[in-house]
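Topology and contacts: notes
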Amino acid sequence: MIVLPIDTCEIFWRAFAGEVPPAELEQWIYAHDAELEALLPDDVYLDLIALDFADKWALHEIEKLVGAYVQRDSQAYQRFEDGKPARETLRYLRRLAAQPNDTLAFERLLDGAQHFPFLYDLTDEMQDWFADDYRTPLSPQKQAQIRALAQGLLDDIAAGRIVFAFTTQGVLFCLDKRQPVFRLPQTLIQTVETLKIKRKAA
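Residues numbered from 1 in each chain as written. Predicted model: local features only at pLDDT ≥ 70, side-chain atom pairs only at ≥ 80, totals over all residues. Heavy atoms only, no water.

Attention shifts here to the pairing of strand E1 (residues 162-166). Looking along a regular strand, one sees side chains alternate from face to face of the sheet. By the bridge criterion, five bridges tie E1 to strand E2 (residues 172-176) in an arrangement that is antiparallel. Bridged to Ala165 within E2 is Phe173. (Pairing = 2+ DSSP bridges. Helix = DSSP H or I, 4+ residues; strand = E, 2+ residues; numbered from the N terminus.)

With that settled, the discussion passes to the packing of aromatic side chains. Counted by the stated rule, this structure contains twelve aromatic pairs. With a centroid separation of 6.1 Å and 35° between ring planes, the pair formed by Phe12 and Phe16 is classed as tilted. Highlighted residues: Phe12 and Phe16, both in helix H1 (residues 6-16), separated by four residues, approximately one helical turn. Assessed through its relative accessible area of 0%, Phe12 is described here as buried. When the centroid spacing of 6.0 Å and the interplanar angle of 20° are considered together, the rings of Phe116 and Phe118 count as stacked. Given the relative accessible area of 5%, Phe118 is considered buried. A network of ring pairs unites the aromatic residues Phe106, Trp129, Phe130 and Tyr134 as a single cluster. Its guanidinium or amino end placed over the ring of Phe80, Arg87 lies 3.8 Å from that ring's centre, counting from NZ or CZ. We note Arg91 situated over the ring of Tyr92; from NZ or CZ to the ring centre the distance is 5.1 Å. (Phe/Tyr/Trp six-rings, centres within 6.5 Å; stacked < 30°, edge-to-face > 60°. Buried < 20%, exposed > 50% of the residue type's maximum accessible area, 1.4 Å probe, protein only. Lys NZ or Arg CZ within 6 Å of the ring centre and 35° of its normal.)

Let us look at the pattern of salt bridges. Taken as a whole, this structure holds eleven salt bridges when the rule is applied. For Arg72, the salt bridge identified is with Glu63, shortest N-O distance 2.9 Å. The partner of Arg161 in a salt bridge is Asp156, and the shortest N-O contact between them spans 2.6 Å. Within the structure, one salt-bridge network assembled from shared partners comprises Asp156, Arg161, Asp176 and Arg178. (Salt bridge = Lys/Arg side-chain N within 4 Å of Asp/Glu carboxyl O.)

As a further point, take unusual backbone geometry. One non-glycine residue with positive phi stands out, namely Asp133, at about 55°. Classification of Asp133 by relative accessible area gives exposed; the value is 54%. Backbone geometry at Tyr134 places phi at a positive 65°, although glycine is not the residue there. When you line up the elements, Tyr134 lands in the loop between helix H10 (127-131) and helix H11 (140-158).

In this section: the nonpolar core. Counting residues in hydrophobic clusters, the biggest one holds 25 residues, and the most contacted among them are Leu93, Leu96, Leu109, Phe118, Leu119, Leu122 and Leu153. Here the element with the most residues in this core is helix H7 (residues 84-98); it accounts for six residues. Ignoring sequence-local partners within four residues, the contact set of Leu119 consists of Thr89, Leu93, Leu109, Gly112, Ala113 and Leu153. In this structure, Phe12, Leu51, Leu65 and Val66 belong to the second largest nonpolar core, which totals 24 residues. (Core = buried A, V, L, I, M, F, W, Y, C linked by side-chain atoms within 4.5 Å. Contact = heavy atoms within 4.5 Å.)

Glancing now at the packing of H7 against H11. Close contact between H7 and H11 brings their axes to 8 Å; oriented N to C, the two are set at 140°. Handedness of the H7/H11 crossing: left-handed. Along the contact surface, H7 presents Leu90, Leu93, Arg94, Leu96, Ala97 and Ala98, while H11 presents Ile146, Arg147, Ala150, Gln151, Leu153, Leu154 and Ile157. Residues of the contact of H7 with H11, tallied by class, amount to ten nonpolar, one polar and two charged. (Axes fitted to C-alpha atoms, helices over the stretch in contact; angles between N-to-C directions. Left-handed = near helix turned anticlockwise from the far one by under 90°. Nonpolar A, V, L, I, M, F, W, Y, C, P; charged D, E, K, R; others polar.)

Structural measurements only, silent on function.
See the structure below:
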């Protein structure tokens, strides 16, 4: 039985999970055509490169063709499956950085905050909008704040200041290496603002 190598399987795992669009998969296949030709049966390889990747059923057809050769019973595949929440978090952070009023991205990140506390500041920034059932459009200033927070988290992840990892038992978690931000209590902030107003009045 032909089984594709793990590094080759990974692109197909991601495609079948909806994380890689057909157009990107097509580019990868053509860039690795010699490797795939050597690994796959001739008829499967020829059918694969002849596919219309623009067709809405392209991924379905690809899975029918190569699914039997893509490993799904390995530790690597299990680790890939277990890492799905981290990949989804990155995907929705990118969506929110591009479109700060993306309600689906926000709700997915709100769910993710239960597991990844580094999302708290971002989701807190949008809680009022969520509580209002999104009836009031976000102001340009609020959108800019959300975009900056989302992009800042993406930058921290890219720089290794926020790290997704697995415990020895295979449980996914995040390690936040950023310096803790000191926050004044809200009551103290209000007191300071009141004093400022009184000084101006005097």
